[in-house]
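The chain contents come next:
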Amino acid sequence: MNRLLSLLFHQGVLDEQFLQLQQLQDQTSPNFVSEVVTIYFHESEKQLRNLRNILLDREMWDYVKLGIHLNQLMGSSSSIGAKRVRNICAAFRTAVEQNNRSACMRALEVLEHEYCYLKNKLHELFQIEQQRVLGDAVRYPGAVHHQ
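These numbers come from a predicted model, not from an experiment. (Residues numbered from 1 in each chain as written. Predicted model: local features only at pLDDT ≥ 70, side-chain atom pairs only at ≥ 80, totals over all residues. Heavy atoms only, no water.)

## A closer look at the overall build of the protein chain
The helix and strand inventory of the protein chain stands at 6 helices and 0 strands. Listing each helix as α and each strand as β along the protein chain from the N terminus yields α-α-α-α-α-α. By the burial criterion, 36% of the 147 residues in the protein chain qualify as buried. A total accessible area of about 8,800 Å² is found for the protein chain, and carbon and sulfur atoms account for 54% of it. The centroid of the 16 positive side-chain charges in the protein chain is displaced by 4 Å from the centroid of its 16 negative side-chain charges. (Helix = DSSP H or I, 4+ residues; strand = E, 2+ residues; numbered from the N terminus. Buried < 20%, exposed > 50% of the residue type's maximum accessible area, 1.4 Å probe, protein only. Areas by Shrake-Rupley, 256 points an atom, 1.4 Å probe, with all protein chains shown as cover. Lys, Arg positive; Asp, Glu negative; His and termini not counted. Charge placed at Lys NZ, Arg CZ, Asp CG, Glu CD.)

Next up, the structure:
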């Protein structure tokens, strides 16, 4: 396990679900993890946009919709092992259940910050992995790469 991945586990950013996701990657699907995470990022950004729009709409303050979007984001975060994002979603959901608008706004800011951190670090992790694979290909031309 590389240093960055170890750091992300130590910080609680990722959990063992991310390792399980990595175990599904093999020669037949060498980009499996990055493809799954890319889909996660695309869908999560939609959920975050929806959450922000609901919170900023003064007339249509819809706690039910907030809960739905949070549950979707929490579930997808859980499925890729994004532990801190999932935990922040849970705290956000508590604020929603309490109809606490200011706590919801604070939770959204924390969630957006944590999501950006996760996204940047996973992109960095994938770049390191890509460089390692390319380095192996240069050092061992024609060799099959096993993970």
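More follows now that the structure is in view.
## A short note on the packing of helix 4 (residues 63–80) against helix 5 (residues 83–97)
Packed helices, taken two at a time, are described by the angle between their axes plus the distance between the axes. For the pair helix 4 and helix 5, interaxial distance at closest approach is 9 Å and the crossing angle is 165°. Judged by the angle between their axes, helix 4 and helix 5 are roughly antiparallel. Helix 4 and helix 5 meet at a crossing whose hand is left-handed. Of helix 5, the residues touching helix 4 (which contributes Tyr63, Leu66, Gly67, Leu70, Asn71, Leu73, Met74, Ser77 and Ser78) are Val85, Arg86, Cys89, Ala90, Phe92, Arg93 and Val96. Residues of the contact of helix 4 with helix 5, tallied by class, amount to 10 nonpolar, 4 polar and 2 charged. (Axes fitted to C-alpha atoms, helices over the stretch in contact; angles between N-to-C directions. Parallel < 35°, antiparallel > 145°, perpendicular 65-115°, else oblique. Left-handed = near helix turned anticlockwise from the far one by under 90°. Contact = heavy atoms within 4.5 Å. Nonpolar A, V, L, I, M, F, W, Y, C, P; charged D, E, K, R; others polar.)

## Some words on the pattern of salt bridges
Inspection of the entire model under this criterion finds 6 salt bridges. Glutamate 45 is the partner of lysine 119 in a salt bridge, and the nearest nitrogen-oxygen pair spans 2.4 Å. Of this pair, lysine 119 sits in helix 6 (residues 101–139) while glutamate 45 sits in helix 3 (residues 32–56), placing them 74 residues apart in sequence. The exposure class assigned to glutamate 45 is partly exposed, which follows from its relative accessible area of 27%. (Salt bridge = Lys/Arg side-chain N within 4 Å of Asp/Glu carboxyl O.)

## Details of the nonpolar core
Ranked by internal contacts, the top residues of the largest apolar core, which has 39 residues, are Val37, Tyr40, Leu51, Phe92, Leu111, Leu118 and Leu122. Those elements giving two or more residues to this core turn out to be helix 1 (3–10), helix 2 (16–23), helix 3, helix 4, helix 5 and helix 6. Broken down by element, the residue count for this core peaks at 10 residues, all from helix 6. With residues near it in sequence (within four places) discarded, leucine 51 still touches Leu66, His69, Leu70, Leu73, Phe92, Leu108 and Leu111. (Core = buried A, V, L, I, M, F, W, Y, C linked by side-chain atoms within 4.5 Å.)

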